Amino acid sequence: MGTLYTIEPVPNADSERLALQLADDDFSGVDALFETQQLPTPILVWNPGANELEVRELRFLRGLWDQLRDGAELPVAPELSPELLRPALGHIMLLDVVDGGADFRYRLYGSKIAQRSGFDGTGKLTSEIGPSPFISTFFQACYVAAQRRRLPLFTAHIPPSQVEVQIWRRLILPLADKDGAVYRFLVGNVPGLWRSPRIVG
């Protein structure tokens, strides 16, 4: 299982800089990043309510996150059993924070995500994921920003034409350890319709 990609890397892509901008509600850097690849700029929404999310699995996860935090700022080290997550299984990723946010490791990479993306990211780092450096830069910037802002972040982006999905809708939900630090993310990631990929090169 796998897909071949040939997209020019983005020179000097800086996920740390983009994360600082995102955390400050400045989406211009991310917009410019996608424009370098001649792709539409993504949609990014901080702290959307469940009723603002069109996708059933993401609505469920947002409601579950609120239930788990029980009025606190963040859920603290919740037990996330398959039974608890059942309505969104296959569309869930769990990411562990690595080195304070220098990178993020996929503890779980949902089966339906793997099927549509063409690979299983379980055990891999965010920096190793994606059809080109630009998309891993985008992913890392979103996770770092959500770690710093300590809020849910919704994104919807159109991937490069080599990807067999028209759009990815993602909800990033931070989880805290017993000391209050963000140590993991519960992420819903739901693909849009299939499309025929365009192989370049």
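Not measured: the values here are computed from a predicted model. (Residues numbered from 1 in each chain as written. Predicted model: local features only at pLDDT ≥ 70, side-chain atom pairs only at ≥ 80, totals over all residues. Heavy atoms only, no water.)

Once that is clear, we can look at the overall build of the protein. Scanning the protein for helices and strands turns up 6 helices and 6 strands. Counting from the amino terminus, helix and strand elements in the protein follow one another as α-α-β-α-α-β-β-α-α-β-β-β. Looking at the 201 residues of the protein, the share that counts as buried comes to 51%. Long-range contacts, defined here as pairs at least 24 residues apart, represent 58% of the contacts in the protein between residues at least 6 apart. (Helix = DSSP H or I, 4+ residues; strand = E, 2+ residues; numbered from the N terminus. Buried < 20%, exposed > 50% of the residue type's maximum accessible area, 1.4 Å probe, protein only. Contact = heavy atoms within 4.5 Å.)

What follows is about the nonpolar core. If you look at the biggest cluster of nonpolar residues, it comprises 56 residues, and the most contacted ones within it are Phe 138, Tyr 143 and Phe 185. The element contributing the most residues to this core is helix α6 (residues 133-149), with 10 residues. Once residues lying within four places of it in the same chain are set aside, the contact partners of Phe 138 are Val 30, Leu 33, Phe 34, Pro 42, Leu 44, Thr 155 and His 157. (Core = buried A, V, L, I, M, F, W, Y, C linked by side-chain atoms within 4.5 Å.)

So, on to the side chain of Arg 62. Tracing the sequence through the fold places Arg 62 in helix α3 (residues 56-69). Here Arg 62 falls in the buried class, since its relative accessible area comes to 6%. Look past the residues within four positions of Arg 62 in its chain and what remains in contact with it is Asn 47, Pro 48, Gly 49, Ala 50, Leu 53, Arg 69, Pro 152, Leu 171 and Leu 173.

What follows deals with the environment of Asp 120. Position of Asp 120 relative to the elements: it lies in the loop between α5 (111-117) and α6. Among the residues examined, Asp 120 registers a relative accessible area of 42% and is labelled partly exposed. Residues Asp 120 and Gly 110 lie 10 residues apart in sequence; the distance between their C-alpha atoms is 8.1 Å. With residues up to four places along the chain from it excluded, the contact list for Asp 120 reads Tyr 109 and Ala 114. Of the polar contacts made by the side chain of Asp 120, one reaches the side chain of Thr 122; its length is 2.8 Å. (Polar contact = N/O pair within 3.5 Å; in protein donor to acceptor, adjacent residues only side chain to side chain.)

Once that is clear, we can look at the sheet that holds strand β6 (residues 182-191). Working definition: the strands of a sheet are paired by backbone hydrogen bonds and lie parallel or antiparallel to each other. The antiparallel open sheet is built from 6 strands, whose spatial order is β1-β4-β5-β6-β2-β3. The sheet is open, and its two edges are formed by β1 (43-46) and β3 (103-109), each paired on a single side. Strand after strand, the sheet turns through a mean of 20 degrees between neighbouring axes, direction not considered. Where strand β2 (residues 92-98) meets β6, 5 bridges bridge the pair, whose relative direction is antiparallel. Its bridge partner lying in β6, Asp 96 is registered against Arg 184. (Pairing = 2+ DSSP bridges. Axes fitted to C-alpha atoms, helices over the stretch in contact; angles between N-to-C directions.)

This part takes up the packing of helix α1 (residues 15-23) against α6. The interhelical angle for the contact between α1 and α6, taken along N-to-C directions, is 45 degrees, at an axis separation of 8 Å. Classified by the angle their axes make, α1 and α6 are oblique. In this structure, α1 meets α6 at a crossing whose hand is right-handed. Here Ser 15, Glu 16, Leu 18, Ala 19, Leu 20, Leu 22 and Ala 23 of α1 come into contact with α6, specifically with Thr 137, Gln 140, Ala 141, Cys 142, Val 144, Ala 145, Arg 148 and Arg 149. (Parallel < 35°, antiparallel > 145°, perpendicular 65-115°, else oblique. Left-handed = near helix turned anticlockwise from the far one by under 90°.)

Oppositely charged side chains can pair when the atoms bearing their charge come close. Going through the model one piece at a time under the given rule, you end up with 9 salt bridges. A salt bridge links Arg 149 to Asp 25, with the shortest nitrogen-to-oxygen separation between them at 2.9 Å. Of this pair, Arg 149 sits in helix α6 while Asp 25 sits in the loop between α1 and α2 (28-36); the two residues are 124 residues apart in sequence, bridging distant segments of the chain. Overall, the relative accessible area of 28% leaves Arg 149 in the partly exposed class. Ionic pairing is found between Glu 83 and Arg 86, a salt bridge with its closest N-O pair at 2.7 Å. Each of the two residues, Glu 83 as well as Arg 86, counts as exposed. When salt bridges that share partners are traced, they join Arg 62, Asp 66 and Arg 69 into one network. (Salt bridge = Lys/Arg side-chain N within 4 Å of Asp/Glu carboxyl O.)

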